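# Descriptive analysis of the structure
Here is what each chain is made of, one letter per residue.
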Amino acid sequence: ASCDRIATNMAIAALDIVWALLVNPIAFSALVSRSWLHEEVFCKVTGSLTLSVVVLRNQIVGLSLLDKFCSVFAPFAYLQYRRKVMSALAGAAVAFALVYAILPATVPKAGAFTFYPAYAACFLEVSCSHSVCYAYITVIAAHWIVCWAILPTLFFTMMFIKARMVKRHLVMGTFNTA
């Protein structure tokens, strides 16, 4: 279990280091000059990179939660396929993070990255006036509600109930390992 936690923390740390090495030098020059000295494409790149790192960090935490949930509720069946399942889900998480962050930079109607001097960074600015934008916002909002509100609450509640049941059986001496 601690190896899983170490791997999760290492993945998040590596992601943060890559982001810091790529975005911070550009942001520092913008902070010093209080204006965006680079081309508009750099604003899109740094904005997309920042957005994808935020999404990917959340995906890593979500995958860790899903891994723990499956380990608790189907330990023997899950251990056989764990590496394949987690690899596939990690690939899907990376793909989703990239699409989530790159779409606004490449599709003109999906949003634009705007430089904010107070933060010395480019952020996604979405001004909806067309169906592509509304669809993008709806999909993203639905994803965040399901993945970061409903599923974690459900998983933690079910794991709490399972832990209480196991504790009760252990205290009463009726725990059957078969």
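With that settled, the discussion passes to the overall build of the chain. On a plain count of helices and strands, the chain comes out with 4 helices and 2 strands. If you list the helices and strands of the chain from N to C, you get α-α-α-β-β-α. Looking at the 178 residues of the chain, the share that counts as buried comes to 26%. At a minimum sequence separation of 6, the contacts of the chain that also span at least 24 residues come to 62%. Counting every atom, the chain has about 11,700 Å² of accessible surface; 72% of that belongs to carbon and sulfur.

Moving on, we get to a nonpolar patch on the surface. Side chains of Val 72, Phe 73, Ile 145, Val 146, Ile 150, Leu 151, Leu 154 and Met 158 sit close together on the surface and give an oily, nonpolar patch of about 610 Å² of accessible area. Every element with two or more residues in the nonpolar patch is listed here: helix H2 (40–73) and helix H4 (131–172). Top element by residues in the nonpolar patch is H4. It accounts for 6 residues. Inspection of the secondary structure puts Met 158 in helix H4. Accessibility expressed as a relative area gives 32% for Met 158, which makes it partly exposed.

For the largest pocket, the calculated volume is near 520 Å³. Ala 7, Thr 8, Arg 82, Met 86 and Ala 90 are, among the 19 residues lining the largest pocket, the residues nearest its centre. Listed by contribution, the elements that provide at least two residues to the lining of the largest pocket are helix H1 (2–33), H2 and helix H3 (75–106). Considering each element in turn, the lining of the largest pocket owes the most residues, 8 residues, to H3. Of the pockets and cavities examined, the second largest pocket occupies roughly 260 Å³. Listing elements by their share of the lining of the second largest pocket, those giving two or more residues are H2, H3 and H4. Ranked by residues supplied to the lining of the second largest pocket, first place goes to H4 with 6 residues. Each residue belonging to the lining of the second largest pocket can be placed in one class, and the counts come to 11 nonpolar, 3 polar and no charged.

Across all of its chains, the model carries 2 salt bridges by this definition. Ionic pairing is found between Arg 57 and Asp 16, a salt bridge with its closest N-O pair at 3.5 Å. Of this pair, Arg 57 sits in helix H2 while Asp 16 sits in helix H1, placing them 41 residues apart in sequence. Residue classification places Arg 57 among the partly exposed residues on the basis of a relative accessible area of 33%. Residue Asp 16 is classed as partly exposed on the basis of its relative accessible area, which comes to 27%. Across the pair Asp 67 and Arg 82 runs a salt bridge whose closest N-O atoms are separated by 2.7 Å.

So, how was this worked out
- Residue indices follow the written sequence of each chain, beginning from 1 at its first position.
- pLDDT decides what is reported in this predicted model: residues at 70 or higher carry local features, side-chain atom pairs at 80 or more are listed and counted, and totals for whole chains, interfaces and linings draw on all residues regardless.
- To get the side-chain values, take all heavy atoms of the structure and skip hydrogens and water.
- Per the convention used, a helix needs a DSSP run of H or I reaching at least four residues, while a strand needs a run of E reaching at least two, with both numbered from the N terminus.
- Only protein chains enter the accessibility calculation, which uses a 1.4 Å probe; a residue whose area is less than 20% of its type maximum is buried, one above 50% is exposed, and one in between is partly exposed.
- We call two residues contacting when some pair of their heavy atoms lies within 4.5 Å.
- Computed with the Shrake-Rupley method and a 1.4 Å probe, the accessible areas treat only the protein chains shown as cover for residues.
- For patch detection, residues must exceed 30% relative accessible area and be free of salt bridges, and they are connected within 9 Å for like charges or within 5 Å for nonpolar side chains (Val, Leu, Ile, Met, Phe, Trp, Tyr).
- Note on definitions: salt bridges are taken to be side-chain nitrogens of Lys or Arg within 4 Å of carboxyl oxygens of Asp or Glu.
- Lining residues are defined by having an atom within 4 Å of a point belonging to a cavity or pocket. Those points lie on a 1 Å grid over the protein atoms alone, cavities being sets where a 1.4 Å probe fits but cannot get out and pockets being open sets with protein on both sides within 12 Å along at least five of seven lines.
- Grid points are joined across faces, edges and corners, and a volume is the space filled by probe spheres set on the points.
- Note on residue categories: nonpolar means Ala, Val, Leu, Ile, Met, Phe, Trp, Tyr, Cys or Pro, charged means Asp, Glu, Lys or Arg, and polar means any other residue, Gly included.

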